[in-house]
Amino acid sequence: MADIIQLLPDHVANQIAAGEVVQRPASVVKELLENAIDAKSTSITLIVKDAGKTLIQVIDDGVGMSQTDARLSFERHATSKIKSAEDLFQLNTKGFRGEALASIAAIAHVEMSTKQELDEVGTQIKIEGSKIVSQEVTVTPKGTSLSVKNLFFNIPARRNFLKSDQVELRHILDEFHRVAMAHPQIHFALYHNNNELFNLPESNLRQRIVHIFGNKTNEKLVPVIEETEVVNINGFVCKPEFAKKSRGEQFFFVNNRFIKSPYLHHAVVSAFEGLIKDGNFPSYFLYLEVNPSSIDINIHPTKTEIKFDDEHTLYAILRSSVKHSLGQFNVAPILDFDRDDTLDTPYNYQQKQIDTPTIEVDANFNPFAEEMDDQPKMNKNNATSFSSSRPIKKDNSWESLYIGLESDKDFQHNFSSLEVESSEVTGSLFDDEEKEHTGTTYQLHRKYIVTTIKSGMVIIDQQRAHQRVLYEQFLKNITIKEAVSQQLLFPLTLNFSPQDIVLLKELRESLEHTGFAFTNFENEMVEISGIPMNITESEVGILLDQLLSDFQDGIPESGFSQSDMLAKTLCKTIATKTGEVLNLVAQEALVNSLFACTEPTISPFNKPTYVTMTVEEIDKKFI
Ligand code: ADP
Ligand code: MG
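Residues numbered from 1 in each chain as written. Chains lettered and ligands numbered in written order. Predicted model: local features only at pLDDT ≥ 70, side-chain atom pairs only at ≥ 80, totals over all residues. Heavy atoms only, no water.

Chemist: A description of the overall build of the protein should follow, citing residues and the corresponding values.
Modeler: For the protein, the count of helices and strands is 18 helices and 22 strands. For the protein, the residues scored as buried account for 45% of the 623 residues in total. A sequence separation of at least 24 residues applies to 70% of the contacts in the protein between residues at least 6 apart. Here the protein displays about 32,600 Å² of accessible surface, and carbon together with sulfur accounts for 51% of that area. (Helix = DSSP H or I, 4+ residues; strand = E, 2+ residues; numbered from the N terminus. Buried < 20%, exposed > 50% of the residue type's maximum accessible area, 1.4 Å probe, protein only. Contact = heavy atoms within 4.5 Å. Areas by Shrake-Rupley, 256 points an atom, 1.4 Å probe, with all protein chains shown as cover.)

Here it is, written out as structure tokens:
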């Protein structure tokens, strides 16, 4: 049988390699920025068009390449950064595989101009799909300019797979930030579609972080500095009161390389133990310096994980130095971050008039009167009735026992919650107007609403039910686009980081359909003049923060899933919570709106909203 194995032609092999290196425009950005850094540049400019789909260009003022090197740089495994396998253990450069340029040139139109400092003229090379189109001598400043056009032009499937411009741009911003944060001493600029998005002057670490994440970051930062034999730690954590629900700003750099490490993340989070609420995350920007031979960087080109020789020690050092910083900078625990939820009016019922339940105590009521009367008047259905319309014999001697109780709130509270447990007894506790509500709903443990139906009873989870009601409302508003907005007397101004603003801009239209009205979207500031009917002004900040954290991993492409996610975030954030007291009107309104929903049985997060119990089922329990 004939031999069947063939060597793949280079351009095919390169295309396959490209699949590993280049997943999206942001991967190209990362590789080109890293090359510019390895070339010892002091100023790097990134120019992007259409989120990198049309153009990604990096211009640096680094060492440049000779004519031969310029040509060689596009060959696979061509690198100036390692010479032998041993070098792998002492890596001080970002790149070392010599794969990036070859891979990028295999799937795009690439143009490179480069010149070394002492050379008179430079070299310009054009490559399309691994094929060299031209190589010329050119006049160009010291350094390298590399532009990548029409990414994936020869792999339509990959091109179609790219996400919307906003999503791709966000990935690019992420890469840009990581590189810029690792090298504050280098000047970076970023232009997208001819707009300057960032211009980061050469600076120190703190200034770099503030330039990227906005001025308000400055006051939040607590320095962390620790020098040990195993590791030097330098950087900042954010004060606990600024911990966010989103996992946003958490950065580890090891030897100036951005890495992700759930293990080290845990070390930092555990240093914050007791200082931040459960479910909130501290922000941090931590730079670890270790001996290059103690880490294994020989990882997948697009991965950001890293292997340390002695992770346990690193964990302990990191945890204690963060703890120490928090203590040293006198960051005292803040226990009460939140307003008291129970003081809020349930959102849905704000317009409704609220009747305050009152207790009528008949000062003349004598519990022993009936016995004295020898004529028990117990209601058959209502054995524990507190009805005040009983026969009364004047005898005030027992009254002294109850002195002071009438005005005692605790007493009222216990009294009414006691009532909830037993059936049909609330009658005499409320005034006449309330009477028509009595007996139809009660709130159990500030968590469930219990009500009767023909066949028995229903127990409704108040939080999930309210989520369902709000979810359907929001979804409807977003889809039919006619939400009612409450105009704010004074516009609300909120600050966000530049990348949060990018995200909010994407969501702006959908948010407007829910009732938000924005008057201004500036660099780091959003001005809001109107908000949806069912939220309060004080909730807007929390809501937008939640929204940003939910959408951090990307806004879904399709309109429906975007609206769905938005409605979910809104309902999750503002729905009545477990633990909130609902008055009778609110309870009843919630029950009615739940059963008016299209899908009353499950919450938007696929959890049951209520359970029923038939009389037969209850009967069985009594056998
Ligand atoms: P690697 O970075 O792994 O070495 P690349 O394919 O990214 O591989 O680059 C190949 C080689 O081209 C590098 O080793 C370097 O010598 C040269 N090179 C790439 N970009 C630049 C640049 N901006 N300035 C100077 N030299 C560069
Ligand atoms: Mg490289």
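Chemist: Could you give an account of the nonpolar core, naming the residues involved and the relevant values?
Modeler: General note: in soluble globular proteins, nonpolar side chains tend to be found buried as a group. The biggest cluster of nonpolar side chains holds 60 residues, and the ones touching the most others in it are Leu32, Leu46, Val148, Met181, Phe188 and Phe285. If you tally residues by element for this core, the top one is helix H6 (residues 165-182), at eight residues. Filtering out sequence-adjacent residues up to four positions away, Val148 remains in contact with Val28, Leu32, Thr54, Leu55, Ile56, Ile104, Ala108, His109 and Val110. Formed by 33 residues, the second largest nonpolar core is a distinct cluster that contains Tyr471, Phe516, Phe521 and Ala575. (Core = buried A, V, L, I, M, F, W, Y, C linked by side-chain atoms within 4.5 Å.)

Chemist: Describe the sheet that holds strand S21 (residues 525-532), naming the residues involved and giving the relevant values.
Modeler: Reading across from one edge, S19-S21-S20 is the order of the three strands in this open sheet, with antiparallel pairing throughout. Each having just a single partner strand, strand S19 (485-495) and strand S20 (517-521) make up the two edges of the open sheet. Between one strand axis and the next, the sheet turns through 15° on average, direction left out of account. Of the strand pairs in this sheet, S19 and S21 are connected by seven bridges, and their pairing is antiparallel. For Gln487, the partnering residue across the bridge sits in S21 and is Gly530. On top of the sheet, helix H14 (residues 498-514) reaches S20 and S21; it is set at about 155° to S20, its chief contact. (Pairing = 2+ DSSP bridges. Axes fitted to C-alpha atoms, helices over the stretch in contact; angles between N-to-C directions.)

Chemist: Any details on unusual backbone geometry? Residues and values, ideally.
Modeler: Keep in mind that most residues, glycine aside, have a negative phi and that most peptide bonds are trans. At Lys40, a residue that is not glycine, the phi angle is positive and equals roughly 60°. As for its position among the elements, Lys40 is in the loop between helix H2 (25-38) and strand S1 (43-49). Taking relative accessible area as the criterion, Lys40 reaches 64% and is therefore assigned exposed. A positive phi is found at Phe152, a non-glycine position, where the angle reads about 60°. Topologically, Phe152 is positioned in the loop between strand S6 (143-149) and helix H5 (156-161).

Chemist: Hey, could you go over helix H7 (residues 205-213) for me, with residue numbers and the actual values?
Modeler: For H7, the complete set of buried residues consists of Leu205, Arg208, Ile209, Val210, Ile212 and Phe213. Between the side-chain oxygen of the N-cap and the backbone nitrogen of Arg206 there are 3.2 Å, and the N-cap of H7 in question is Asn204. (Polar contact = N/O pair within 3.5 Å; in protein donor to acceptor, adjacent residues only side chain to side chain.)

Chemist: So, the packing of aromatic side chains: which residues are in play, and what are the values?
Modeler: All chains considered together, the criterion is met by 14 aromatic pairs. When the centroid spacing of 4.8 Å and the interplanar angle of 45° are considered together, the rings of Phe252 and Tyr284 count as tilted. Placement of the pair is Phe252 in strand S11 (residues 250-254) and Tyr284 in strand S13 (residues 284-289), with a sequence separation of 32 residues. Note on accessibility: Phe252 and Tyr284 belong to one class, buried. Geometrically, the ring pair formed by Phe516 and Phe518 is stacked, given 5.8 Å between the ring centres and 10° between the ring planes. (Phe/Tyr/Trp six-rings, centres within 6.5 Å; stacked < 30°, edge-to-face > 60°.)

Chemist: Tell me what's going on with the site of ligand 1, and back it up with residues and numbers.
Modeler: Of all residues adjacent to ligand 1, which total 18 residues, the nearest are Asn35, Thr79, Ser80, Lys81 and Gly98. Within the side chain of Asn35, one N or O atom sits 2.8 Å away from an oxygen atom of ligand 1. Within the side chain of Thr144, a nitrogen or oxygen atom sits 3.3 Å from a nitrogen atom of ligand 1. Surface burial for ligand 1 is 92%, taken as the share of its 530 Å² of free accessible area covered by protein chains. Within the shell around ligand 1, the residues separate by chemical class into six nonpolar, eight polar and four charged. (Near = heavy atom within 4 Å. Nonpolar A, V, L, I, M, F, W, Y, C, P; charged D, E, K, R; others polar.)

Chemist: Run through the environment of Leu169, naming residues and quoting values.
Modeler: If you trace the backbone, Leu169 turns up in helix H6. Remark: the alpha-carbon pair of Leu169 and Val502, spanning 333 residues in sequence, is separated by 9.2 Å.

Chemist: Can you break down a nonpolar patch on the surface residue by residue, with the values?
Modeler: A cluster of nonpolar side chains, Val121, Val137 and Val139, forms an exposed patch at the surface whose accessible area comes to about 300 Å². With respect to the element layout, Val137 can be found in strand S5 (residues 131-138). (Patch = residues over 30% accessible without salt bridge, like charges linked within 9 Å, V, L, I, M, F, W, Y side chains within 5 Å. Salt bridge = Lys/Arg side-chain N within 4 Å of Asp/Glu carboxyl O.)

Chemist: Lay out the confidence of the model for the protein in plain terms, naming residues and giving numbers.
Modeler: Residues at a pLDDT of 70 or more form 77% of the protein, whose mean pLDDT is 80. Taken together, the stretch residues 332-352 has pLDDT below 50 and engages in 46 contacts with residues farther than four places along the chain or on a different chain. In the predicted structure, residues 371-438 sits below a pLDDT of 50 and forms 77 contacts with residues beyond four places in sequence or in another chain. (pLDDT = per-residue confidence, 0-100.)

Chemist: Outline H2, listing residues and values.
Modeler: With 14 residues, H2 should reach 20 Å at 1.5 Å per residue; the first-to-last C-alpha distance of 20 Å fits that figure. A large share of H2 lies buried, amounting to 13 of its 14 residues. Trailing H2 by a residue or two, Lys40 shows a phi angle of about 60°, which is positive. (Expected span 1.5 Å × (residues − 1).)

Chemist: Any chance you could break down the environment of Pro556 for me, citing the residues and the numbers?
Modeler: For Pro556, the location among the structural elements is in the loop between helix H15 (540-550) and helix H16 (559-574). In this structure, the C-alpha to C-alpha distance between Pro556 and Ser164, residues 392 residues apart in sequence, is 9.1 Å. In this structure Pro556 touches Phe551, Ser561, Gln562 and Met565, once residues within four positions along its chain are discounted.

Chemist: I'd like a rundown of the sheet that holds S13, residues and numbers included.
Modeler: Strand order in the open sheet formed by five strands is S9-S10-S13-S11-S12, and the pairing between neighbours is mixed. Sheet topology places strand S9 (221-227) and strand S12 (257-259) at the edges, where each strand pairs with a single neighbour. The average undirected angle you get between the axes of adjacent strands in this sheet is 20°. Of the strand pairs in this sheet, strand S10 (residues 232-238) and S13 are connected by six bridges, and their pairing is antiparallel. By the bridge assignment, Ile233 is partnered in S13 with Leu288. Here H7 sits on the sheet in contact with S9, S10, S11 and S13, set at roughly 35° to S10.

Chemist: Report on the pattern of salt bridges, specifying residues and quantitative values.
Modeler: Close approach of charged atoms lets side chains of opposite charge pair. Under the defined criterion, the tally for this structure stands at ten salt bridges. For the salt bridge of Glu168 with Arg24, the shortest nitrogen-to-oxygen distance reads 2.9 Å. Of this pair, Glu168 sits in helix H6 while Arg24 sits in the loop between helix H1 (10-21) and H2; the two residues are 144 residues apart in sequence, bridging distant segments of the chain. Judged by its relative accessible area of 21%, Arg24 is partly exposed. For Asp461, the salt bridge is made with Arg464, and the minimal N-O distance between the two is 3.7 Å. The class of Arg464 is partly exposed, set by a relative accessible area of 26%.

Chemist: Would you mind going over the packing of H14 against H15 in detail, with residue names and values included?
Modeler: Running from N to C, H14 and H15 point in directions that differ by 105°, and their axes come no closer than 10 Å. Relative to H15, H14 is oriented roughly perpendicular. Together, Asp500, Leu503, Leu504, Leu507 and Leu511 of H14 and Leu544, Leu547 and Leu548 of H15 make up the contact between the two elements. Its residues placed into classes, the contact of H14 with H15 shows seven nonpolar, no polar and one charged. (Parallel < 35°, antiparallel > 145°, perpendicular 65-115°, else oblique.)

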